[in-house]
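Chain by chain, the residues run as shown.
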Amino acid sequence: MTDFTQLTADTVAAYLASRRALAAVIDADRIASVREVGDGNLNLVFIVEDAGGASVVLKQSLPHVRTDPSWPMTRERSAREATVLGEHQRADAEHVPALYDFDHEHYVLAIENLSDHRVWRNELNAGRVHEYAADAIGAYVARTAFATSPLGLDPLEHKALVARAVNPELAQITEDLVFTEPYIDHPHNAVLPANEPDVAALRADRALRREMGLAKFRFMTTAQSLIHGDLHTGSVFVRPAGGFEKATDAPASVRAFDSEFGFVGPTGFDLGALWANLILAAARAEALGEPDRAELVLSLPGRLWGAFEREYRALWPERLDPRVWGDEVLEHLLAGIRDDAAVFAAAKAIRRIVGFAKASDIETLPPAEREGAARGVLQAGRSLALTRHGIADVEALAAESLATLRATGTPR
Ligand code: SR1
Ligand code: MG
């Protein structure tokens, strides 16, 4: 009997033959190609095609960080991803890949192949912005947030979901990598020597440390809705209307994938994650001497928030308990989510410069440009965390980030 503990290109066909749930998805007897394409920090990912053109993605968690085998990591994260995918499919099938099968014994998810899409971060890095993706992700966060919170779920079901989706080990990674390590000396941290004074200034800022401490506490103690948990631009697939390569009549499509960090947490965390990565993309554009593109990219946090707010308001009449959840409650909920999104964006932007798991937007810049871009992101993050209390408008906050990037970038 073949061992499927850690799949290889050679064992994938036998594995597929062993999964009855996949019989209608792909012909395991006529596999034409198997490609391992995983490029993230954590998992094996295979794209499999049969001779009839059908295909599937198999994603298997490894028992350790892929890029650091000495760092153990629970394989149960696959079960959590299956939970998030299942619930998010129920809430918003348009914006997630379909989940065909989950094999808990071998920690394998079988997911829809979205090879006609591309990773949004790579597209942004190449100068293609795909503005429509911000609208789609705003709607996705609103639909999934509403459906998996007590607004859309019976109270007992919501508590059962909190228990089923609990994700302590991966949440702890976020607690450490996003909210703690950038603010202390830690072997995970690394910056260019020229950015060391910038990091020292960040750490010396008492008000910023207070905001990060409070944000960490909110992350650890809030159970609003089942969040994706790692919704950066590398976790979003995009496809423009008409497709990428050959012209087709395919509509635009945007899908959030890779939700293994998901749990019932603060709704604003997903919005903040995307917002942070848009700041990184804008910093790259500025550093490369493309100010118009930086401005366009930094119009997207406003579009993201606008789409979220529109969809959340549209869903509000369907809330399960309008007896005490009147319209004033909606305004308070939205203000709280927006405030959370801003401070989480600040934290997520800063961690990508200082800590483990850096972002290619900045890392692939030549060092001379990288220094200024990194400084700009650190200062934009810091000022977002601190000024958000006075500016409730996301567009205004993003405009301030743009001004900061412009003032701090390496002169060309
Ligand atoms: C060890 S995992 C490092 C990072 O990769 C993921 O994308 C998460 O952001 C995590 O913090
Ligand atoms: Mg990931």
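Each chain has its residues counted from 1, following the order in which its sequence is written. Whichever chain is written first is A, and whichever ligand is written first is 1; the rest continue in order. With pLDDT at 70 or above as the cut-off, local features in this predicted model cover only qualifying residues; side-chain atom pairs require 80 or more to be listed or tallied, and sums for whole chains, interfaces and linings still use all residues. The side-chain values count all of the structure's non-hydrogen atoms but skip hydrogen atoms and water molecules.

## Some details on the overall build of the chain
Part 1: Tallying secondary structure elements over the chain gives 15 helices and 12 strands in all.
Part 2: Taking the principal axes of the C-alpha coordinates as reference, the chain spans close to 60 × 55 × 45 Å.
Part 3: Think of it in three bands: residues with accessible area under 20% of the maximum for their type are buried, residues over 50% are exposed, and the middle band is partly exposed, with areas taken using a 1.4 Å probe on protein chains only. Split into buried and exposed, the 412 residues of the chain put 55% on the buried side.
Part 4: Contacts: residue pairs with any heavy atoms within 4.5 Å of one another. Across the chain, every contact between residues at least 6 apart in sequence was considered, and the portion connecting residues at least 24 apart equals 72%.
Part 5: Each accessible area value is a Shrake-Rupley result obtained with a 1.4 Å probe; residue values ignore everything except the protein chains displayed when judging cover. Surface exposure of the chain reaches about 16900 Å², of which carbon and sulfur atoms provide 54%. Note on conventions: DSSP H or I runs of at least 4 residues are helices, E runs of at least 2 residues are strands, and numbering of each starts at the N terminus.

## Thoughts on the environment of Glu260
Part 1: In this structure, Glu260 sits in the loop between β11 (253-256) and β12 (263-265).
Part 2: Since its relative accessible area comes to 3%, Glu260 is described here as buried.
Part 3: When sequence neighbours within four positions are dropped, the list of residues in contact with Glu260 reads Leu42, Asn43, Lys59, Arg77, Arg80, Glu81, Asn167 and Leu170.
Part 4: N or O atoms within 3.5 Å of each other form a polar contact, as long as, within protein, one can give a hydrogen and the other can take it, and as long as residues adjacent in sequence are counted only when both atoms are side-chain atoms. A polar side-chain atom of Glu260 sits 3.1 Å from a polar atom in the side chain of Arg77.

## Details of the sheet that holds strand β7 (residues 108-111)
Part 1: Paired strands, as defined in this entry, are two strands with at least two bridges between them according to DSSP. Pairing within the open sheet is antiparallel, and its 5 strands lie in the order β1-β2-β3-β7-β6. The strands lining the two open edges of the sheet, one partner per strand, are β1 (31-36) and β6 (99-103). Along the sheet, successive strands turn relative to each other by an average axial angle of 20°, direction set aside.
Part 2: Here 4 bridges tie β6 to β7, and the two strands are oriented antiparallel to one another. In the sheet register, Asp103 faces β7, and the bridge partner there is Val108.
Part 3: Where helix α2 (residues 77-92) meets the sheet, it contacts β2 (43-50), β3 (55-61), β6 and β7, and its direction lies at approximately 155° from that of β6. Here the axes come from fitting lines to C-alpha atoms, over the contacting stretch only for helices, and the angles between their N-to-C directions go from 0 to 180 degrees.

## Regarding the site of ligand 1
Part 1: It suffices for a single heavy atom of a residue to lie within 4 Å of a molecule or strand for the residue to be listed as near it. Taken together, 13 residues surround ligand 1, and among them Asn41, Asp230, Phe261, Arg351 and Arg352 come closest.
Part 2: The contact in question runs from an oxygen atom of ligand 1 to an N or O atom on the side chain of Asp230, over 2.6 Å.
Part 3: For ligand 1, an oxygen atom lies 2.7 Å from a polar atom in the side chain of Arg351.
Part 4: Protein contacts shield 94% of the accessible area of ligand 1, which totals 320 Å² for the unbound molecule.
Part 5: Buried and open spaces are told apart on a 1 Å grid over the protein atoms alone, a cavity being a set of points where a 1.4 Å probe fits but cannot get out and a pocket being an open set with protein on both sides within 12 Å along at least five of seven lines. Residues with an atom within 4 Å of a point are the lining residues. A cavity or pocket is said to hold a molecule if more than half of that molecule's atoms lie within 2 Å of its grid points. In this structure, ligand 1 is accommodated by the largest pocket.
Part 6: Counting residues per element, the ones that place at least two in the shell around ligand 1 are α6 (168-180) and α12 (327-354).
Part 7: Throughout, the ten residues Ala, Val, Leu, Ile, Met, Phe, Trp, Tyr, Cys and Pro are labelled nonpolar, Asp, Glu, Lys and Arg are labelled charged, and all others, Gly among them, are labelled polar. When its residues are assigned to classes, the shell around ligand 1 shows 8 nonpolar, 2 polar and 3 charged.

## A word on the pairing of strand β5 (residues 68-72)
Working note: regular strand, side chains alternate between the two faces of the sheet.
Part 1: When strand β4 (residues 64-65) meets β5, the two strands line up antiparallel, connected through 2 bridges. Bridge assignment links Val65 to a residue of β5, and that residue is Asp68.

## Observations concerning the layout of surface pockets
Part 1: Grid points are joined across faces, edges and corners, and a volume is the space filled by probe spheres set on the points. Roughly 1300 Å³ of internal volume is contained in the largest pocket.
Part 2: Listing elements by their share of the lining of the largest pocket, those giving two or more residues are β2, β3, α2, β8 (118-119), α3 (120-125), α6 and α12.
Part 3: Top contributing element to the lining of the largest pocket by residue count: α6, with 4 residues.
Part 4: Its residues placed into classes, the lining of the largest pocket shows 22 nonpolar, 13 polar and 15 charged.
Part 5: Considered as a void within the structure, the second largest pocket measures approximately 250 Å³ in volume.
Part 6: In terms of lining residues, the second largest pocket is bounded by Ser115, Asp116, His117, Arg118, Arg239, Gly243, Phe244, Glu245, Lys246, Thr248 and Ala250.

## What to know about the side chain of Arg388
Part 1: Along the chain, the position of Arg388 falls in the loop between α14 (367-387) and α15 (394-408).
Part 2: One polar contact links Arg388 to Asp339, side chain to side chain, over a distance of 2.9 Å.
Part 3: A polar contact of 3.4 Å, which involves the side chain of Arg388, links it to the side chain of His389.
Part 4: Ignoring sequence-local partners within four residues, the contact set of Arg388 consists of Glu211, Asp339, Ala342, Val343, Ser383 and Leu397.

## A look at the sheet that holds β11
Part 1: With antiparallel pairing, the 3 strands of this open sheet are ordered in space as β8-β10-β11. The sheet is open, and its two borders are formed by β8 and β11, each paired with just one other strand.
Part 2: The strands touched by helix α4 (residues 132-147) within the sheet are β10 (236-239) and β11, with β11 carrying the most contacts at an inclination of about 50°.

## A look at helix α11 (residues 300-315)
Part 1: Under the 1.5 Å per step criterion, the end-to-end length of α11 is 22 Å for 16 residues, consistent within 8% with the ideal 22 Å.
Part 2: Buried within α11 are the following residues: Leu300, Pro301, Gly302, Leu304, Trp305, Gly306, Ala307, Phe308, Tyr312 and Leu315.
Part 3: Buried-residue contacts for α11 involve α3, α4, α9 (268-287), α10 (291-297), α12 and α15. Helix span, as expected, comes to 1.5 Å for every residue beyond the first.

## Brief notes about the confidence of the model for the chain
Part 1: Residue-level pLDDT values for the chain average 96, and 99% of them are 70 or greater.
Part 2: Of all helices and strands in the chain, the one with the weakest mean pLDDT is β4 (89), whereas α4 scores best (99). pLDDT expresses, on a scale from 0 to 100, how confident the predictor is about each individual residue.

## Re the packing of α2 against α4
Relative orientation and spacing of two packed helices are given, respectively, by the angle between their axes and the distance between those axes.
Part 1: For the pair α2 and α4, the least separation of the axes is 9 Å and the interaxial angle reads 105°. Taken together, the axes of α2 and α4 lie roughly perpendicular to each other. Between α2 and α4, the residues in contact are His88, Arg90, Ala91 and Asp92 and Ala139, Tyr140, Arg143, Thr144 and Ala147, respectively.
Part 2: When its residues are assigned to classes, the contact of α2 with α4 shows 4 nonpolar, 2 polar and 3 charged. Oblique is the label for any angle not covered by the other classes, which are roughly parallel (under 35 degrees), roughly antiparallel (over 145) and roughly perpendicular (65 to 115).

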